[in-house]
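What follows is the residue order along each chain.
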Amino acid sequence: MKVYFIGAGPGDPELLTLKAQRLIRACPVCLYAGSLVPAAVVAEAPEDARILDTASMTLDETHAEIRAARDAGYDVARVHSGDPSLYGAIAEQIRRLRVDAIDYEIVPGVPAYAAAAAAMGQELTIPGIAQSVVLTRMSMKSTSMPAGETLENFARSGATLAIHLGVRALREIERQLIPHYGADCPAAVVYRVGWPDQMILRGTLSDIRGRARDAKITRTALILVGPALSEAQDFEDSALYDPEMPHILRPRPRKT
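Below is a short write-up of the structure. (Residues numbered from 1 in each chain as written. Predicted model: local features only at pLDDT ≥ 70, side-chain atom pairs only at ≥ 80, totals over all residues. Heavy atoms only, no water.)

### Notes on the sheet that holds strand 2 (residues 29-32)
Read across the sheet, 5 strands follow the order 3-2-4-1-5 without closing on themselves; strand pairing throughout is parallel. With one partner strand each, in any of the chains shown, strand 3 (50-53) and strand 5 (103-107) form the two edges of the open sheet. Pairs of neighbouring strands in the sheet enclose a mean axial angle of 15°, with direction left out of account. Across the sheet, helix 2 (residues 59-72) is in contact with strand 1 (2-7), strand 2, strand 3 and strand 4 (76-80); its angle to strand 2 comes to roughly 165°. (Pairing = 2+ DSSP bridges. Helix = DSSP H or I, 4+ residues; strand = E, 2+ residues; numbered from the N terminus. Axes fitted to C-alpha atoms, helices over the stretch in contact; angles between N-to-C directions. Contact = heavy atoms within 4.5 Å.)

Listed below in structure tokens is the structure:
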């Protein structure tokens with residue numbers, strides 16, 4: 001018996017990996033976070049599978065379901081949104097599995113920031129502008145942030161920021177980021193990426209809060225900030241395909 005922590009991606013069932021789909025189809029027990037994972041993602045679970053939406057369940061209750069599956073010899077598909085390694089809340093589940101000597105495996109999924117960039121038709125790392133992406137979040141009412149992990153600290157790098165759980169804190173995000181990026185720095189709010197009601201709002205640090213307010217977006221949104229989001233085309237080409245930059249797979253032509 002094994003528990004499979006499955007990354008379901010951002011919401012579009014077609015972004016499931018083949019492995020994720022195969023396991024969902026095979027596991028007799030399927031526990032999925034229904035507030036973030038659409039039912040269509042688990043629609044292909046076995047007809048007689050035990051399928052539970054864990055959105056209203058506690059950690060004790062979900063673990064009790066896993067232990068019952070263990071006792072019955074059933075594999076469990078534990079389906080999470082995005083990729084389980086990012087804000088997946090799997091660490092505390094794994095800790096309990098280890099105590100009970102229950103085997104587990106993690107199946108990666110498409111993270112929200114990657115799906116958001118794809119939906120925007122956007123690369124997040126532009127040569128000469130930004131070569132790093134910082135994945136972070138606002139603390140709000142959830143788990144507090146470690147002391148050194150502040151937006152101001154990250155902003156000093158000039159990297160592209162992907163901010164989770166922050167749409168209700170856009171005023172604070174403005175306050176912390178404008179001194180480093182400037183009021184005209186591109187920003188975007190991507191709501192429910194991969195879902196049928198997906199919405200993409202583009203703007204700047206000075207006006208994105210108003211755009212989100214007008215669209216009545218209050219949850220389930222990712223915020224992207226950074227100069228790499230600019231639609232301007234005045235950046236240098238990557239050296240990856242530069243004929244003057246040979247590498248092991250493209251050596252410099254020999255002179256004759």
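### Quick notes on empty space enclosed by the protein
Applying the stated criterion across every chain yields a total of 1 cavity of 30 Å³ or more. Residue lining of the largest cavity: Leu-59, Thr-62, His-63, Ile-66, Gln-93, Arg-96 and Leu-97, and that is the complete set. A per-element tally of the lining of the largest cavity places helix 2 first, with 4 residues. Within the lining of the largest cavity, the residues separate by chemical class into 3 nonpolar, 3 polar and 1 charged. (1 Å grid on protein atoms, 1.4 Å probe; cavity = no way out; pocket = protein on both sides within 12 Å on 5 of 7 lines; lining within 4 Å. Points joined across faces, edges and corners; volume = space filled by probe spheres on them. Nonpolar A, V, L, I, M, F, W, Y, C, P; charged D, E, K, R; others polar.)

### Topic: the nonpolar core
Core analysis: the biggest nonpolar cluster contains 25 residues, and Leu-161, Ile-163, Leu-170, Ile-173, Leu-177, Val-189 and Val-225 have the highest contact counts within it. For this core, the secondary-structure elements that each account for two or more residues are helix 5 (151-155), strand 7 (160-164), helix 6 (170-181), strand 8 (186-191), helix 7 (208-214) and strand 10 (221-225). Per element, the largest residue contribution to this core is 4 residues, and it comes from helix 6. If we ignore the near neighbours within four places in the chain, the residues touching Ile-173 are Met-138, Leu-151, Ile-163, Gly-166 and Ile-223. (Core = buried A, V, L, I, M, F, W, Y, C linked by side-chain atoms within 4.5 Å. Buried < 20%, exposed > 50% of the residue type's maximum accessible area, 1.4 Å probe, protein only.)

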